[in-house]
Amino acid sequence: MADEFSANQEQIIGALVYSIIFLVLVTLGLILFFYYSRKKIIEKEVEKVNIKLDHQKKILQTTIKVQEKERNRIAQDLHDAISSKLNVVSLTTNVLLDDASMNTDQKEALNHILDITTRTLESARKIAHELMPPILDKFGLKVALEELFDEFTSNTPIKINHHIESLGNLDKSNELHVFRIAQELINNALRHGKADQLQMELKKELDGFELVFKDNGVGFDMNHYNKKSGIGLQNIKSRVAILNGQLFVESSKNKGSIFTINCHSYGY
Amino acid sequence: MNLINHFFLYTGFILVFINTLLYLIGYKQNKKAVAYKYFTLYLLISCIILFTSYIVARIYKNNLYVSHIYFIGQFLLLSLFYHSLFKKTQKKYIIFFIIIVCLMLGIQYILRPDLFFRFNLFEIFITSLPLIIYAIMHLYNSLSQNNDYLIINAGVLIYISSSTLIFILGNYLSDLDMTEAVRNIYLINRILYVVYLTLILIQWQTSFRRIKNR
C-alpha cells in the first residue's frame with residue numbers, strides 16, 4: 001500500500017516536472033514569436049522608408065534633368081526668337097540713321113531705339129549665357145571652368161587655385177552636371193562659408209574622374225549636414241547621384257570644408 | 001544534489017541583493033521614469049521578503065504566511081509597473097484587475113482567516129494570472145512601437161507562469177515528505193528564479209547603465 005502511494009506520488013511529481021518544463025518552453029516560444037514578428041515588422045518599415053527615399057531621390061534627379069533641358073530650350077529660344085529679331089531691328093535702325101533726309105529729332109529717337117536695342121541684346125545674351133554657358137558647348141568643360149573661375153576672381157579679392165585636367169570621355173550633359181556642381185560649390189563657399197581662398201582640382205582617372213574642392217570658410221557642423229542640408233547641397237548630391245558618383249564631405253566649425261567627388265564609370 | 005540546491009538558493013539571494021542595489025543606485029538618473037520606480041520598489045520588497053522568510057523559516061519552521069505578502073505585493077507592484085508602461089485603454093484593465101483582486105481576496109480572508117497559514121491556491125492563481133496577461137499585452141505592444149523593459153518582461157512571463165504552477169501544487173508538496181523528487185521541484189523553482197533575476201540584471205546592464213555613463 002505504501003509502495004503504491006509512493007509510486008503514485010512519483011508519477012504526479014514527474015508529471016509536474018514535465019509540465020513546468022513544457023510551460024517554460026511555451027512561454028519561451030511565445031517570446032521568440034513576438035521577438036521575430038517585431039523584427040520582421042521593423043524590417044518592413046525600414047524597407048518602406050527606403051523605397052520612399054529612393055523615389056524622392058529619383059524625382060529630384062528627374063527634376064534636375066528636366067530643368068537643364070528646359071534651360072537649354074529657353075536659352076535656344078532666346079537666341080533664335082529674340083536676339084536674332086533684335087539684331088534685325090538694330091540693323092534696320094542703322095540703315096535709317098544713314099538716311100540724310102532725317103531731322104535731328106527723328107535721329108535722336110532712332111539713336112534711342114538703337115541704344116535700347118543694344119542693351120536688350122546684351123541682356124538677352126547674358127541671360128542665355130547664364131542659362132546655358134555656350135562656352136561649355138563649344139570648348140568643353142576645362143575652358144568653361146576656367147572662365148567660371150575668372151568670372152569669380154576678376155572683380156573680387158577671392159583667390160581660386162585650380163588644376164583642371166580635360167576629361168575626354170564625358171558626354172555633354174554630364175559635363176554640364178560637373179560644371180553646375182563646381183558653380184554651386186563656389187557659390188556656397190562664398191555665400192555661406194565667407195571663404196576667400198578656394199582650391200579646385202579635377203583629375204582624370206582610369207574610368208572616371210575625381211573632383212576635390214577645398215575652401216577656408218567657416219565650415220559647418222557635420223551632424224547638422226547629415227540631418228538637413230540646404231537646396232544647394234541637395235542639388236549637388238542629386239547631380240552626383242546622376243553621375244553615378246560618391247560625395248564625401250569633411251567639415252568642422254571654423255576649419256573650412258573639403259568636398260570630394262569620386263566618379264567611376266559614370267553614365268554606364 | 002544538495003550542493004546544487006544550495007548553490008541556486010544562495011545565487012538567488014546574492015542576485016536579488018545585487019539587483020536591488022543596482023536599481024537603487026540608478027534611481028537618481030531615472031527619477032522621471034515611473035515604471036523604473038515601481039520596479040525598484042518591487043525588487044526592494046522582494047529582497048526584504050526573501051530574507052525575512054529565510055529567517056522566519058529558521059526560527060519558526062512555518063514561513064508560509066510571508067508568502068501572502070509576497071504574492072499580493074508582487075501583484076500590486078508589477079501591476080503598477082505595467083500600468084505606467086501601457087496605453088490609456090490598457091491602463092483601465094489594470095485598474096479593474098487590481099480592484100477585483102483586492103476585493104475578492106479581502107472577502108476570502110474575512111470568511112476564512114485560517115487560509116493565512118497555508119498556500120492559498122485561489123490567491124496564487126488570481127494574483128499571477130493578471131501578471132501573465134500584462135506580460136503578453138506588453139509583448140503585443142512591443143510589435144508596433146519601441147518598448148522598454150522587454151527583457152524583464154520575458155523574465156516575468158517565464159518565471160511567473162512556471163512558478164505559479166509550482167505554488168499551486170505547493171500544498172500538496174508540503175504535505176509530502178521531503179523526498180528527492182520534491183526537492184527537484186523546488187530546485188527547478190530556484191533555477192527559474194535565478195534565470196529571472198539574471199534577466200533583470202541583463203536589463204539593467206543594457207538599458208540603465210548607459211544612462212549612468214552619459
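Predicted model, so just to flag it, every value in this text is computed and none were measured.

Asks: What should I look at first to understand the overall build of chain A in this one?
Replies: Helix and strand content of chain A: seven helices and five strands. Ordering the α and β elements of chain A from the N terminus gives α-α-α-α-β-α-β-β-α-α-β-β. Residues classed as buried in chain A amount to 20% of the 268 residues present. In chain A, 68% of the contacts between residues at least 6 apart in sequence involve partners at least 24 apart.

Asks: Just checking my understanding: could you explain unusual backbone geometry for this structure?
Replies: Peptide bonds are mostly trans, and most non-glycine residues show a negative phi. Even without glycine at this site, Asn-244 of chain A takes up a positive phi of about 65°. For Asn-244 of chain A, a count of 14 C-beta atoms within 10 Å gives the class partly exposed. The phi torsion at Tyr-149 of chain B lies on the positive side, around 60°, for a residue other than glycine. Topologically, Tyr-149 of chain B is positioned in the loop between helix H5 (121-144) and helix H6 (150-168).

Asks: How should I be thinking about the confidence of the model for chain B in this particular structure?
Replies: Do not read the predicted coordinates in detail wherever pLDDT is low. Overall, the predicted model of chain B reaches an average pLDDT of 85, with 97% of residues at or above 70. Mean pLDDT per element in chain B: helix H7 (residues 170-175) of chain B is the minimum at 76, and helix H4 (residues 88-111) of chain B is the maximum at 91.

Asks: Sorry if this is basic, but what is going on with the interface of chain B and chain A here?
Replies: By convention, interface size is frequently given as the accessible area that disappears when the constituent parts associate. Opposite the 17 residues of chain B that make contact, chain A presents 16 residues. For the side of chain B that touches chain A, the secondary-structure elements that each account for two or more residues are H5, H6 and helix H8 (180-213) of chain B. Looking at the side of chain B that touches chain A element by element, the count peaks at seven residues for H6 of chain B. Each residue belonging to the side of chain B that touches chain A can be placed in one class, and the counts come to 13 nonpolar, four polar and no charged.

Asks: Would you mind showing me how to read helix H1 (residues 2-25) of chain B here?
Replies: Helical geometry note: an α-helix holds 3.6 residues per turn, so side chains three or four residues apart project in the same direction. The end-to-end C-alpha distance of H1 of chain B, which contains 24 residues, comes to 35 Å, matching closely the 34 Å that a straight helix rising 1.5 Å per residue would cover. Burial in H1 of chain B covers these residues: Phe-8, Val-16, Asn-19, Thr-20 and Tyr-23 of chain B.

Asks: What is the right way to read the nonpolar core from this model?
Replies: Within soluble globular proteins, side chains that are nonpolar generally end up buried alongside one another. Core analysis: the biggest nonpolar cluster contains 49 residues, and Leu-78, Phe-81 and Val-156 of chain B have the highest contact counts within it. Broken down by secondary-structure element, the contributors of at least two residues to this core are helix H1 (2-98) of chain A together with H1, helix H2 (34-60), helix H3 (64-85), H4, H5, H6 and H8 of chain B. A total of 11 residues in this core trace back to one element, the largest contributor, which is H6 of chain B. In contact with Leu-78 of chain B, not counting residues within four places along its chain, are Tyr-42, Leu-131 and Val-156 of chain B.

Asks: Even after reading the chapter, I still don't get the packing of H2 of chain B against H3 of chain B, so can you show me in this structure?
Replies: Two quantities define a packed helix pair, namely the angle between the helix axes and the distance between the axes. Residues and elements named next belong to chain B. Contact geometry of H2 with H3 gives a least axis separation of 8 Å together with a crossing angle of 170°. Here H2 is positioned roughly antiparallel relative to H3, judged by the angle of their axes. Contacts between H2 and H3 involve Val-34, Ala-35, Tyr-38, Phe-39, Leu-41, Tyr-42, Ile-45, Ser-46, Ile-49, Thr-52, Ser-53 and Val-56 on the former and, on the latter, Val-66, Ile-69, Tyr-70, Gly-73, Gln-74, Leu-77, Leu-78, Leu-80, Phe-81, Ser-84 and Leu-85.

Asks: So what exactly am I meant to see when it comes to the packing of helix H4 (residues 141-154) of chain A against helix H5 (residues 172-191) of chain A here?
Replies: Residue and element names in this part refer to chain A. The N-to-C vectors of H4 and H5 enclose an angle of 20°; their axes lie 10 Å apart at closest approach. As far as their axial angle goes, H5 and H4 are roughly parallel. The way H4 lies across H5 gives a crossing that is right-handed. Across from Leu-141, Ala-144, Leu-145, Leu-148 and Phe-152 in H4, the residues of H5 making contact are Glu-175, Val-178, Phe-179, Ala-182, Gln-183 and Ile-186.

Asks: Help me out: how do you make sense of the environment of Ala-128 of chain A in this one?
Replies: Residue and element names in this part refer to chain A. Examined against the element boundaries, Ala-128 turns out to sit in helix H2 (residues 104-131). Judged by local crowding, Ala-128 falls into the buried class, with 20 C-beta atoms found within 10 Å. A C-alpha to C-alpha distance of 9.0 Å links Ala-128 and Asp-77, two positions 51 residues apart in sequence. Dropping the residues within four chain positions of it, Ala-128 is found in contact with Ala-75, Leu-78 and His-79.

Asks: I would appreciate a short explanation of the sheet that holds strand S5 (residues 257-264) of chain A in the present structure.
Replies: By definition, the strands of a sheet pair up through backbone hydrogen bonds, in either a parallel or an antiparallel sense. Residues and elements named next belong to chain A. Across the sheet, which stays open at both edges, the five strands sit in the order S1-S2-S3-S5-S4 with mixed pairing between neighbours. Because the sheet does not close on itself, it has two edges, and the strands there are strand S1 (159-164) and strand S4 (245-251). Between one strand axis and the next, the sheet turns through 10° on average, direction left out of account. For strand S2 (residues 197-205) and strand S3 (residues 208-215), the ladder comprises eight bridges, and the chain directions are antiparallel. From the neighbouring strand, Glu-201 faces S3, where its bridge partner is Val-212.

Reading guide: rules and limits
Residues numbered from 1 in each chain as written. Chains lettered and ligands numbered in written order. Predicted model: local features only at pLDDT ≥ 70, side-chain atom pairs only at ≥ 80, totals over all residues. Helix = DSSP H or I, 4+ residues; strand = E, 2+ residues; numbered from the N terminus. Buried ≥ 20, exposed ≤ 12 C-beta atoms within 10 Å, placed from the backbone. Contact = placed C-beta atoms within 7 Å. pLDDT = per-residue confidence, 0-100. Nonpolar A, V, L, I, M, F, W, Y, C, P; charged D, E, K, R; others polar. Expected span 1.5 Å × (residues − 1). Core = buried A, V, L, I, M, F, W, Y, C linked by C-beta atoms within 7 Å. Axes fitted to C-alpha atoms, helices over the stretch in contact; angles between N-to-C directions. Parallel < 35°, antiparallel > 145°, perpendicular 65-115°, else oblique. Left-handed = near helix turned anticlockwise from the far one by under 90°. Pairing = 2+ DSSP bridges.

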